[in-house]
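# Per-entry structural report
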Amino acid sequence: MSTFIIPDIHGCIKTLRRLIDCKLGITIDDRLYFLGDYIDRGPDSAGVVDYLINLKETGFNVNFLLGNHEQMLLDSCDSKENLNLWLQNSGLATLKSYGIHSISKLNVLKSIPSKHLDFYKELKPYFIVNEKYVLVHGGINYSSVNPFSDINGILWSRLEQVPDDFMPNCTFICGHNLRPIDFIIRDIQLRKKRIFRLDAGCVYKGQLPGTGYLTALNIDKWEVDFVECID
């Protein structure tokens, strides 16, 4: 059995399939934790969510975090202002993947399949794995009385240096914070930090140096696998 942690996918369904089906070759005994941001920017957000739902429905042990992009989608159901914020952050790419090409009189609740909306609504803000690994999408507001109740901080902030007295026996793993693939590999190999950022900017291939890769950290072997974006 292996436990894999996979960060931001952003609609890159072909790359996700190559990572999970070909590179990792997961079995029913493995555990997978996804760090959020399944949607927006890339070509097939709906396809990514379909694939993830299918993994769960076919018996794989999969666990899904909420990302700031999923939160923007959910918020867009409530007001035009929130919808505009989502659209400014590549929400239109997700709508197109659902076959929606016009935003005039758009009703998000009626435009996205109910099974997908249920998926978004059931996403968790954080996970603690093996009482040792704290998984969040973005960061943690250490100044809060209850840092794990500050969902906005978890989704939007950048995970900074962890105070020595904050969960001292835990390692913190996040997505959201873009890093070149060489830096991610180096950090995993050195293993001297308490924070590990796994997002190698899969959807940004050719735009930012060292990005364009989807990663998966095996916390049991403490090894990182990755594939180059093919979407």
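Residues numbered from 1 in each chain as written. Predicted model: local features only at pLDDT ≥ 70, side-chain atom pairs only at ≥ 80, totals over all residues. Heavy atoms only, no water.

## With respect to the layout of surface pockets
Put simply, the largest pocket is a space of about 260 Å³. If you go around the largest pocket, you meet 13 residues; those closest to its centre are Lys56, Phe64, Asp118, Phe119 and Glu122. Those elements that provide at least two residues to the lining of the largest pocket are helix H2 (45-57), strand E3 (61-64) and helix H7 (114-121). Looking at side-chain class alone, the lining of the largest pocket contains six nonpolar, one polar and six charged residues. Reported here for the second largest pocket is a volume of approximately 210 Å³. Contributing to the lining of the second largest pocket are 17 residues, with His10, Arg41, His69, His176 and Tyr204 lying nearest its centre. Here the lining of the second largest pocket is composed, by residue class, of six nonpolar, six polar and five charged. (1 Å grid on protein atoms, 1.4 Å probe; cavity = no way out; pocket = protein on both sides within 12 Å on 5 of 7 lines; lining within 4 Å. Points joined across faces, edges and corners; volume = space filled by probe spheres on them. Helix = DSSP H or I, 4+ residues; strand = E, 2+ residues; numbered from the N terminus. Nonpolar A, V, L, I, M, F, W, Y, C, P; charged D, E, K, R; others polar.)

## As for helix H1 (residues 13-24)
Quick reminder: α-helices carry 3.6 residues per turn. Residues three or four places apart thus point the same way. The end-to-end C-alpha separation of H1 is 15 Å, in line with the 16 Å expected for 12 residues at 1.5 Å each. The set of residues buried in H1 consists of Ile13, Thr15, Leu16, Leu19, Ile20 and Leu24. Contacts from the buried residues of H1 go to strand E1 (3-6), strand E2 (31-34), H2, strand E8 (213-218) and strand E9 (223-228). Two residues or fewer past H1, glycine 25 is found with a positive phi of approximately 55°. (Expected span 1.5 Å × (residues − 1). Buried < 20%, exposed > 50% of the residue type's maximum accessible area, 1.4 Å probe, protein only. Contact = heavy atoms within 4.5 Å.)

## Considerations on the sheet that holds strand E4 (residues 126-129)
Spatial ordering of the open sheet is given by E4-E5-E6-E7, a layout of four strands whose pairing is mixed. Across the chains shown, the open sheet's two edge strands, defined by having one partner strand only, are E4 and strand E7 (195-197). Averaged over all pairs of adjacent strands, the angle between their axes in this sheet comes to 20°, without regard to strand direction. Where E4 lies against strand E5 (residues 133-136), four bridges are found, and the strand directions are antiparallel. For phenylalanine 127, the partnering residue across the bridge sits in E5 and is leucine 135. (Pairing = 2+ DSSP bridges. Axes fitted to C-alpha atoms, helices over the stretch in contact; angles between N-to-C directions.)

Without other data, these values stay purely geometric and don't point to any function.
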